[in-house]
Amino acid sequence: MTSNREFDCVVIGAGVQGSFTAYQLARRNKKTLLLEQFVLPHTRGSSHGQTRIIRKAYEEDFYIRMMEECYKLWSQMEKEAGVKLYRQTGLLVMGPEKNESYQLCKNTMLKNNVPMVQLTRENFGLHIPNVSLAEGHAAFVELTAGVLYADRTLKAVQGQFQKLGGVIRDNEKVTDIKPGSLVTILTSTGVYRTKRLVITAGPWTNRLLVKTGIELPLEVMKINVCYWREKVDGSYDVKQKFPCFLQIEGEKSKEHIYGLPANEYPGMVKICLHAGSPADPDQRDQQKDRSDIETLQRFVSRRFPGLVPEPAVVESCLYTVTPDNHFVLDYHPAYRNIVIGAGFSGHGFKFGPIVGQILCDLSLGEVPSFDLSPFRITRFQAKNKSSL
Ligand SMILES: Cc1cc2nc3c(=O)[nH]c(=O)nc-3n(C[C@H](O)[C@H](O)[C@H](O)COP(=O)(O)OP(=O)(O)OC[C@H]3O[C@@H](n4cnc5c(N)ncnc54)[C@H](O)[C@@H]3O)c2cc1C
Ligand SMILES: O=C(O)[C@@H]1CCCC=N1
């Protein structure tokens, strides 16, 4: 294939997942095109912003196994691109002592030998100053967790992809997909043909999938990304070794609250609810629900006495959530040369390098080195046949 309209692989969506997938395909010498609807970089999807948490603290063994490999890939990308993408801070996990999620998370970590330190109520304040541990709650610190620099990651991965000969066309929206042994892709400015297509379109995934005859049970949520000002400068600063944190609440992850130390905006700590309100990705700013902010204000005033309990900065970001909060990493049910990476449910950034490798393997017809049964589309069919 020599034309600049014909490719071995096309990836739709230059968020973290599409960028790492395109990079992996280019590494395997495939002539690859990465298409993005907006001018890059942009702030309208799920991958923008300065920071994300990286952690192995999960209830499921399979996420921990994926993260073991993924840490190596993050470090490789840092070396290859010559930029720092990860900063170790540790992750403080707090939760009601008898809560099922808290216990499962702690036990899965212990079983998988993830380095961690269990805190007692007596030594908590010594290790974690300026935070109150709630009555009846327990805590541990996952030592190798930390912060990923998100915007910097996208720039680095896209840059490495281009160095390998990959082509990025931004400001070019895919408007139609015609499956076949050569897939035809129509965009706002032209037509492409490709042997293999990967769809990593984040909150817009179903808008593209309907053109191929399916829809997945994905819910798009707008998240209010809140930053809270320190009363005394430096109290929760990354340089003072303040960790990222995860507060487990209730039995559903949408009640969890998480935070990152003051870093990107001096004197401000990012604390968010792991949930939001339903939104249309093209009308994100019309969704003005702030009930999550009221929950966060109560949390901050009770538990972080060194922060002003009124958000100083509120930004927006989108989650694309599946019914079980697990990702979709699979072939299109009807077309083997179309692969889908979607439904990252607000926790996919840290997995970007391994997701890229898995989607690339699937696209090239190779067997990925992880069991993908938790991520298969058929898991939805059992519950809701009409969604496919
Ligand atoms: C507030 C917030 C906090 C988070 N915190 C964490 C965290 O701490 N740790 C963690 O691991 N994860 C976290 N996540 C989740 C993580 O950021 C997402 O799972 C991840 O960014 C999803 O990436 P994506 O590539 O699937 O989607 P996106 O980044 O949305 O990328 C999809 C891309 O496809 C493009 N596109 C869509 N349709 C078309 C089309 N028709 N034509 C061309 N291009 C198209 C879009 O413009 C977009 O650029 C957080 C998410 C949010 C919102
Ligand atoms: O994925 C993460 O680590 C963050 C924090 C917990 C909730 C979702 N995102």
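Along each chain, residues carry numbers from 1 onward, in the same order as the chain's sequence is written. For this description, chains carry letters from A and ligands carry numbers from 1, given in the order in which they are written. A pLDDT threshold of at least 70 governs which residues receive local features in this predicted model, and a stricter bar of 80 or more applies before side-chain atom pairs are shown or counted, although totals over entire chains, interfaces and linings include all residues. Processing note: side-chain calculations cover all non-hydrogen atoms of the structure and skip hydrogens and water entirely.

Draft legend 1. Fine view of the site of ligand 2. Inspection of the region around ligand 2 gives Ile53, Arg55, Leu246, Tyr258, His274, Gly346, His347 and Lys350 as its neighbouring residues. At a separation of 2.5 Å, an oxygen atom of ligand 2 approaches a polar side-chain atom of Arg55. All accessibility values rest on the Shrake-Rupley procedure with a 1.4 Å probe; residue burial counts only the protein chains present in the view. Summarising the interface, the protein chains cover 93% of the accessible area of ligand 2, which totals 260 Å² for the free molecule. Lys, Arg, Asp and Glu make up the charged group, whereas Ala, Val, Leu, Ile, Met, Phe, Trp, Tyr, Cys and Pro make up the nonpolar group; the residues left over, Gly among them, are polar. Considered class by class, the residues forming the shell around ligand 2 number 3 nonpolar, 3 polar and 2 charged. Each of domain 1 (3-47 + 151-217 + 324-380) and domain 2 (91-143 + 219-321) contributes no fewer than three residues to the shell around ligand 2. Here a residue is considered near a molecule or strand provided that any single heavy atom belonging to it is located within 4 Å of it. In protein, a polar contact requires one atom able to donate a hydrogen and another able to accept it; more generally it is a pair of N or O atoms within 3.5 Å, and residues adjacent in sequence count only if both atoms are side-chain atoms. Delimitation of the domains relies on an automatic or database domain assignment.

Draft legend 2. Structural context of the site of ligand 1. In the vicinity of ligand 1 lie 37 residues, with Glu36, His42, Ser47, Ile53 and Cys317 positioned nearest. Relative to its unbound accessible surface of 1000 Å², ligand 1 loses 96% to contact with the protein. Put simply, the parts of the chain that give the shell around ligand 1 at least two residues each are helix 1 (16-27), strand 3 (51-54), strand 13 (219-229) and strand 18 (313-321). Looking at the shell around ligand 1 element by element, the count peaks at 3 residues for strand 18. Residue composition of the shell around ligand 1, grouped by class: 19 nonpolar, 13 polar and 5 charged. For the shell around ligand 1, the two domains that each supply at least three residues are domain 1 (3-47 + 151-217 + 324-380) and domain 2 (91-143 + 219-321). For helices the rule is a DSSP run of H or I covering at least 4 residues; for strands it is a run of E covering at least 2, with both sets numbered from the N terminus onward.

Draft legend 3. Representation of the layout of surface pockets in the model. As a volume, the second largest pocket reaches approximately 380 Å³. Listing elements by their share of the lining of the second largest pocket, those giving two or more residues are strand 4 (86-88) and strand 6 (116-119). Cavities and pockets are found on a 1 Å grid laid over the protein atoms alone: a cavity is a set of points where a 1.4 Å probe fits but cannot escape, a pocket is an open set with protein on both sides within 12 Å along at least five of seven lines, and a lining residue has an atom within 4 Å of such a point. Grid points are joined across faces, edges and corners, and a volume is the space filled by probe spheres set on the points.

Draft legend 4. Inspection of empty space enclosed by the protein at higher detail. Applying the stated criterion across every chain yields a total of 1 cavity of 30 Å³ or more. A volume near 30 Å³ is recorded for the largest cavity. Lining of the largest cavity is provided by Lys222, Asn224, Gly276, Ser277, Gln287, Asp289 and Asp292. Here the residues of the lining of the largest cavity are counted per class, giving no nonpolar, 4 polar and 3 charged.

Draft legend 5. Just the UniProt feature "domain: FAD dependent oxidoreductase" (unreviewed entry) in the protein, in detail. Sequence positions flagged by UniProt for "domain: FAD dependent oxidoreductase" (unreviewed entry) are, in local numbering, residues 8-362. Taken end to end, residues 8-362 is 27% helix and 29% strand, and its first and last C-alpha atoms sit 14 Å apart. UniProt positions are given in the numbering used here, feature names are shortened, and annotations may be inferred rather than shown by experiment.

Draft legend 6. Structural detail: the environment of Tyr58. Position of Tyr58 among the secondary structure elements: in the loop between strand 3 and helix 2 (61-81). Three exposure classes are used, based on accessible area relative to the maximum for each residue type with a 1.4 Å probe and protein chains only: buried under 20%, partly exposed in between, and exposed over 50%. Exposure remark for Tyr58: the relative accessible area of 5% places this residue in the buried category. Once the C-alpha coordinates of Tyr58 and Ser101 are considered, the two residues, 43 residues apart in sequence, prove to be 9.2 Å apart. Side-chain polar atoms of Tyr58 contact the side chain of Lys350, separated by 3.0 Å.

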